[in-house]
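# Overview (structure and organization)
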Amino acid sequence: MDAIETLRTVCFLAGLFTLLSWELALPHHSPGAPRLRRWFENLALAAVNGGVLALVCYACLAIAAQRSAPWRFGPFETLGLPLAVRLLGEILVLDLLAYGLHRAYHAVPALWRFHRVHHSDVELDVTSASRFHLGEVAVSGAAKLGTVALLGISPLGLIAFEIVMLLCAQFQHANVRIAPLAERALWWSFVPPAMHRIHHHPVRADTDSNYGTILTLWDRALGTLRRREGLEPRFGIEGEVSAPPRGVLRLLGYPFR
């Protein structure tokens, strides 16, 4: 478990510093809000959530490792798939779960109260990928625990998904300029920053679109993909852009306002 947490931390820091360097060298747009205070708030939330994430990861791996337990009769455990096919299938299923949870956070008012902490960021960069409320992390963790148990997700598949999801989330939030050809290719595969910038635009029709975390596949297949060319880089919640919550304690209390 310690080795897995170390791996996750290394990947988090590698993605963070790589994309921060890219943002400083080749940004997509000039930041519309002071950086240092936002960076502190977002990374402080990441630190607060770290303990819960570690417990969820430990519980998921403990479930996945119990090969003799009743839930080991899930389809991934019983179909006898080749390792590469099984890993790909597990990542796809968990990515679909992330998509479904994301839609639920926007559709269910009680869940939106927690998710709006993420959308309250009035700028978008790699640190925004860490701006989540503890309540949302707990709900997502519980859903993941149930999915791992029900479907027989393997420890390796779970670890692979967590690492890929982490790096993809950092990339899609990053304020980076991408070559047009590469960006067009990404719209048909992995979620590009341009697609996720639409999701963080304050107009609610934009906010309620482009829910994908790793792949654009689910948005395309389920009718939630939205493209807007030349969209102004504005972010935040409709009606609250001029007065976003400030400070870690206020962000933690934001869902209960």
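Placed above this text is the structure.
This one's a predicted model, so the numbers in the text were calculated from it and none came from an experiment.

The next thing to look at is the nonpolar core. The biggest cluster of nonpolar side chains holds 14 residues, and the ones touching the most others in it are Leu16, Leu19, Leu20, Val126, Phe171, Ala174 and Ile178. For this core, the secondary-structure elements that each account for two or more residues are helix H1 (2–25) and helix H7 (155–173). Residue contributions to this core peak at five residues, all from H1. Contact partners of Leu16, with chain neighbours within four places excluded, come to Leu43, Val126, Thr127 and Gln170. In this structure, Ile91, Leu94, Leu158 and Phe161 belong to the second largest nonpolar core, which totals 11 residues.

Tracing the sequence through the fold places His106 in helix H4 (residues 83–107). With 10 residues separating them along the chain, His106 and Arg116 place their C-alpha atoms 8.6 Å apart. Every residue in contact with His106, bar those within four places of it in the chain, is listed here: Trp112, His115, His119, His199, Arg204, Thr207, Asp208 and Tyr211. At a separation of 3.3 Å, a polar atom in the side chain of His106 contacts the side chain of His119.

Time to look at the environment of Pro255. Take Pro255: it is sitting in the segment after helix H12 (248–253). When its relative accessible area of 2% is taken as the criterion, Pro255 is described as buried. C-alpha separation for the pair Pro255 and His133, spaced 122 residues apart in sequence, amounts to 8.6 Å. Once residues lying within four places of it in the same chain are set aside, the contact partners of Pro255 are Arg113, Phe114, Val117 and His133.

It is worth spelling out a nonpolar patch on the surface at this point. Together, Leu79, Leu81 and Val85 line one region of the surface with nonpolar side chains, adding up to about 250 Å² of accessible area. By relative accessible area, which is 32% here, Leu81 ends up partly exposed.

Turning next to the pattern of salt bridges. For side chains of opposite charge, pairing can occur when their charged atoms come near one another. One pass over the structure, following the stated rule, counts 11 salt bridges. Taking the shortest distance from any N to any O, the salt bridge between Arg37 and Glu41 comes out at 3.4 Å. Of the two residues, Arg37 and Glu41 both sit in helix H2 (residues 35–65), four residues apart, roughly one turn of that helix. Arg37 sits in the partly exposed class, given a relative accessible area of 49%. The residue Asp206 makes a salt bridge to Arg228 at a minimum N-O spacing of 2.5 Å. With Asp206 in helix H10 (residues 204–207) and Arg228 in the loop between helix H11 (217–222) and H12, the pair connects residues that are 22 residues apart, well separated along the chain. On the accessibility criterion, Arg228 (35% relative accessible area) is partly exposed. In this structure, a network of salt bridges that share partners links the residues Arg37, Glu41 and Arg131.

A complete count under the given rule lists three aromatic pairs for this structure. Taking the centre distance of 6.0 Å and the plane angle of 85° together, the rings of Tyr99 and Tyr211 count as edge-to-face. With Tyr99 in helix H4 and Tyr211 in the loop between H10 and H11, this residue pair connects regions lying 112 residues apart in the sequence. For the residue pair Tyr99 and Tyr211, the accessibility class agrees, reading buried in each case. Centre to centre, the rings of Phe114 and Phe256 are 5.9 Å apart; their planes meet at 85°, and the pair counts as edge-to-face. With a gap of 142 residues between them, Phe114 in helix H5 (residues 109–119) and Phe256 in the segment after H12 connect regions that are remote in the sequence. The exposed category is assigned to Phe256, whose relative accessible area is 60%.

Counting through the fold element by element, Asp121 comes out in the loop between H5 and helix H6 (134–151). Looking at Asp121, its side chain comes within polar contact range of the side chain of Ser128, at 2.9 Å. Excluding anything up to four places from it in sequence, Asp121 contacts Arg38, Asn42, Ser128, Arg131, Phe235 and Gly236.

What follows concerns the packing of H4 against H6. Interhelical geometry of H4 versus H6 gives an angle of 145° and a closest axis separation of 11 Å. Relative to H6, H4 is oriented so that their crossing is right-handed. Residues Val93, Leu94, Leu97, Leu101 and Tyr105 of H4 lie in contact with H6, whose contacting residues are Glu136, Val139, Ser140, Ala143, Lys144, Thr147 and Leu151. Tallied by class, the residues present in the contact of H4 with H6 amount to eight nonpolar, two polar and two charged.

Conventions and cut-offs
- Residues numbered from 1 in each chain as written.
- Predicted model: local features only at pLDDT ≥ 70, side-chain atom pairs only at ≥ 80, totals over all residues.
- Heavy atoms only, no water.
- Core = buried A, V, L, I, M, F, W, Y, C linked by side-chain atoms within 4.5 Å.
- Buried < 20%, exposed > 50% of the residue type's maximum accessible area, 1.4 Å probe, protein only.
- Helix = DSSP H or I, 4+ residues; strand = E, 2+ residues; numbered from the N terminus.
- Contact = heavy atoms within 4.5 Å.
- Polar contact = N/O pair within 3.5 Å; in protein donor to acceptor, adjacent residues only side chain to side chain.
- Patch = residues over 30% accessible without salt bridge, like charges linked within 9 Å, V, L, I, M, F, W, Y side chains within 5 Å.
- Areas by Shrake-Rupley, 256 points an atom, 1.4 Å probe, with all protein chains shown as cover.
- Salt bridge = Lys/Arg side-chain N within 4 Å of Asp/Glu carboxyl O.
- Phe/Tyr/Trp six-rings, centres within 6.5 Å; stacked < 30°, edge-to-face > 60°.
- Axes fitted to C-alpha atoms, helices over the stretch in contact; angles between N-to-C directions.
- Left-handed = near helix turned anticlockwise from the far one by under 90°.
- Nonpolar A, V, L, I, M, F, W, Y, C, P; charged D, E, K, R; others polar.

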